[in-house]
Amino acid sequence: MEPVAGDSARGRWILAAAVLGSGMAFLDGTVVNVALRVLGTDLDASVTELQWVVNAYLLALASLILLGGSLGDRFGRRRLFLLGVAGFALTSVACGLAREPEVLVAARLLQGVSGALLTPSSLALLQSSLRPEDRAAAIGRWSGLTSLAVVVGPLLGGWLVEVASWRWIFFLNVPLAAVVLLIGWRHVPESSDPDAVRGFDGWGALLSAAALAGVTWALTETGAAAPGWLLAVGAAGVAAGVAFVLRVRRTADPLVPPSLFADRVFSIANTMTLLVYGALGAMTFFLTLQLQVGAGWSPLQAGLATLPMTVLMILLSGRSGTLAARVGPRWQLSAGPVLCAIGTLLLVGVGPGTGYLTGVLPGVLVFGLGLTALVAPLTASVLAAAPDRYAGVASGINNAVARSGGLLAVAALPSLVGLTGADYQDAAAFTPGYRAAQLVCVVLLVLGGLVSFVGLRRTGGLLAGPAGSRAG
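From a predicted model like this one, the values you see are computed outputs, not experimental measurements. (Residues numbered from 1 in each chain as written. Predicted model: local features only at pLDDT ≥ 70, side-chain atom pairs only at ≥ 80, totals over all residues. Heavy atoms only, no water.)

Caption draft 1: A look at the overall build of the protein. Each helix and strand counted, the protein has 16 helices and zero strands in total. Taken over C-alpha atoms, the radius of gyration comes to 21 Å for the protein, in line with the 23 Å a tight globule of 472 residues would show. By principal-axis analysis of the C-alpha atoms, the protein measures approximately 60 × 50 × 45 Å. Looking at the 472 residues of the protein, the share that counts as buried comes to 54%. Pairs at least 24 residues apart make up 85% of the contacts formed inside the protein by residues separated by at least 6 positions. For the protein, the computed accessible surface area is about 19000 Å², with 68% contributed by carbon and sulfur atoms. (Helix = DSSP H or I, 4+ residues; strand = E, 2+ residues; numbered from the N terminus. Rg over C-alpha atoms; globule rule 2.2 N^0.38 Å. Buried < 20%, exposed > 50% of the residue type's maximum accessible area, 1.4 Å probe, protein only. Contact = heavy atoms within 4.5 Å. Areas by Shrake-Rupley, 256 points an atom, 1.4 Å probe, with all protein chains shown as cover.)

Structural data, given as structure tokens:
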């Protein structure tokens, strides 16, 4: 296939398909939190079931995103992308029609499977279809435009919940998916990797999914399920995790090349990712609920509350990356999580009578500055630490680790802080748990900063040179 010019009509169509497809998945990742309280009341769901509404999607996405990328390389990136988009639309309809919490959770799980097919393929389409000299600019535009989905998600979700129904946050995906399918079918060329491994690591994917599922179930159901079942399923998850590690160390073509973790920077960056994104996932989960339950805000107001975080990310991420390339990643990856911890501390007091300008905005701004400081150098560090031929795998691993961190934190914290049943409907019951959970997030963030400060002490100007300098 002849590479496509980025500024040609076809190049713009390819970018549009990639942005709209991945933006749809990102939108669903942010819009659901705003609707949790309303859909929970409508479906008579417990706190545990609300956890699963979030976690079922993250579980499938984190477990299968690496496999989705491998399948695209082998069977065709456009084919897998369009299959993921179509599946996302169908499962969104199932989410919107759900009348029982269990049905919604099952539909969210299938939605995550579809997201694992389309998400890695969206960037692969740009990488494989466009001319090499146009790819960086296209990926930059993709990053900026998909960030808008993160901005729009809480606002759109809050508005739809207020003027229509929480069900429309899912139904909205159907016309969007139809547009992506039309563009993809007519304008996006097919591509695959002729050198892709023919025997991809299906067992590795199965074991990683079983490990995450077992541990997540045990953490989420603590206090609800019988102790014997918790112990058995949790132990099975840990055993699957051990088997996964043994599998990737011994198989010829593992899902996760173990040689990547021999690089200290790669291992430290991913450890910090697990801690920081775990705190981020739990902090936003609890804050969005507390603004509605404890402070009495509407879903739209709760969605608007965290908007400054994303605005700061859009405005300053480029400068953050430039600074890290000049001075090295250590200081930003150390100070960023600490700033996020300070911002979280400022939000601990959110409750009845909290005003936005004095009670919420300061914490949101400080947290947003910390997140902006760390995200760009974190991504760059992960890619710079990997040989060029593993750039896609390295990015996928970091993405999976980030989502797993949020998944495990949201699974563990509610029961850890004593929230059960319908506590999310009662400010007096929910507020103490909210405050305890945010303090746990503070600890996770400080640990993330310490891991970076100690682990990256000899990296210096790691990001100043090209990643390919260590290819091999």
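Caption draft 2: View of the pattern of salt bridges. The final tally for this structure, using the stated rule, is two salt bridges. In this structure, the salt-bridge partner of Arg167 is Asp42, at a minimum N-O distance of 3.5 Å. Within this pair, whereas Arg167 is found in the loop between helix H5 (132-163) and helix H6 (168-171), its partner Asp42 is found in helix H1 (residues 9-43), the two being separated by 125 residues in sequence. The shortest N-O distance in the salt bridge between Arg79 and Glu190 comes to 3.9 Å. (Salt bridge = Lys/Arg side-chain N within 4 Å of Asp/Glu carboxyl O.)

Caption draft 3: Highlighting the environment of Ala429. As for its placement among the helices and strands, Ala429 is situated in helix H16 (residues 427-455). Taking the C-alpha atoms as reference points, Ala429 and Ala394, 35 residues apart in sequence, are found 42 Å from one another. Each residue touching Ala429, except ones within four places of it in the same chain, is listed here: Leu419 and Asp423.

Caption draft 4: The state of the cysteines, seen in detail. Evaluated as defined, the whole model comprises zero disulfides. The cysteine Cys441 is free of any disulfide, with Cys340 supplying the nearest cysteine sulfur at 11 Å. For Cys441, a relative accessible area of 0% translates into the label buried. (Disulfide = S-S within 2.5 Å.)

Caption draft 5: Looking closely at the environment of Ala116. Among the structural elements, Ala116 can be located in helix H4 (residues 101-129). Here the alpha-carbon distance between Ala116 and Leu64, two residues 52 residues apart in the chain, equals 5.6 Å. With residues near it in sequence (within four places) discarded, Ala116 still touches Ala60, Leu61, Leu64, Ile65 and Gly68.

Caption draft 6: View of the packing of helix H2 (residues 47-75) against H4. Where H2 meets H4, the axes come as close as 6 Å, and the angle between the chain directions of the two elements is 25 degrees. If you check the angle between H2 and H4, you find them roughly parallel. The way H2 lies across H4 gives a crossing that is right-handed. Residue composition of the contact of H2 with H4, by class: 19 nonpolar, six polar and three charged. (Axes fitted to C-alpha atoms, helices over the stretch in contact; angles between N-to-C directions. Parallel < 35°, antiparallel > 145°, perpendicular 65-115°, else oblique. Left-handed = near helix turned anticlockwise from the far one by under 90°. Nonpolar A, V, L, I, M, F, W, Y, C, P; charged D, E, K, R; others polar.)

Caption draft 7: Seen up close, the side chain of Thr372. Relative to the elements of secondary structure, Thr372 occurs in helix H14 (residues 356-385). Of the polar contacts made by the side chain of Thr372, one reaches the backbone oxygen of Gly368; its length is 2.8 Å. Here Thr372 is in contact with Leu312, Met313, Leu316, Ser317 and Ser320, once residues within four sequence places are set aside. (Polar contact = N/O pair within 3.5 Å; in protein donor to acceptor, adjacent residues only side chain to side chain.)

Caption draft 8: Local environment of the nonpolar core. Counting 92 residues, the largest nonpolar core has Leu104 and Phe286 as the members making the most contacts within it. At 16 residues, the largest contribution of residues to this core is made by helix H10 (residues 264-293). Those residues in contact with Leu104 that lie beyond four places of it in its chain are Leu39, Leu43, Val53, Cys95, Ala98, Trp166 and Phe170. Judged by nonpolar contacts, the second largest core, of 27 residues, contains Ile14, Ala25, Ala116 and Trp142. (Core = buried A, V, L, I, M, F, W, Y, C linked by side-chain atoms within 4.5 Å.)

Caption draft 9: Layout of the packing of aromatic side chains. The final tally for this structure, using the stated rule, is eight aromatic pairs. Ring centres 5.4 Å apart and planes at 80 degrees place the aromatic pair Trp168 and Phe171 in the edge-to-face group. Residue Trp168 and its partner Phe171 are both found in helix H6; the two are separated by three residues, about one turn of the helix. Residue classification places Trp168 among the partly exposed positions, given a relative accessible area of 44%. One aromatic cluster in this structure is built from Phe285, Phe286 and Phe430. Over the ring of Trp185 we find Arg78; its NZ or CZ atom is 5.4 Å from the centre of that ring. (Phe/Tyr/Trp six-rings, centres within 6.5 Å; stacked < 30°, edge-to-face > 60°. Lys NZ or Arg CZ within 6 Å of the ring centre and 35° of its normal.)

Caption draft 10: Quick look at a nonpolar patch on the surface. A cluster of nonpolar side chains, namely Val338, Leu339, Ile342, Leu346 and Leu369, defines an oily patch on the protein surface of about 380 Å² accessible area. Sorting elements by how many residues they give to the nonpolar patch places helix H13 (residues 330-347) first, with four residues. Within the secondary structure, Leu339 sits in helix H13. A relative accessible area of 33% places Leu339 in the partly exposed class. (Patch = residues over 30% accessible without salt bridge, like charges linked within 9 Å, V, L, I, M, F, W, Y side chains within 5 Å.)

Caption draft 11: Summary view of H2. In a regular helix each residue adds 1.5 Å, so 29 residues correspond to 42 Å; H2 covers 40 Å between its end C-alpha atoms and thus fits that length. Along H2, the largest kink reaches about 50 degrees and is centred on Leu64. Counting buried positions along H2 gives 22 out of 29 residues, so the element sits mostly inside the fold. One or two positions beyond H2, positive phi appears at Gly76, with a value near 120 degrees. (Expected span 1.5 Å × (residues − 1). Bend = angle between axes of the 7 residues up to and from the residue.)

Caption draft 12: Local environment of unusual backbone geometry. At Asp44, a position not held by glycine, the phi torsion is positive, near 55 degrees. Within the element layout of this structure, Asp44 appears in the loop between H1 and H2.

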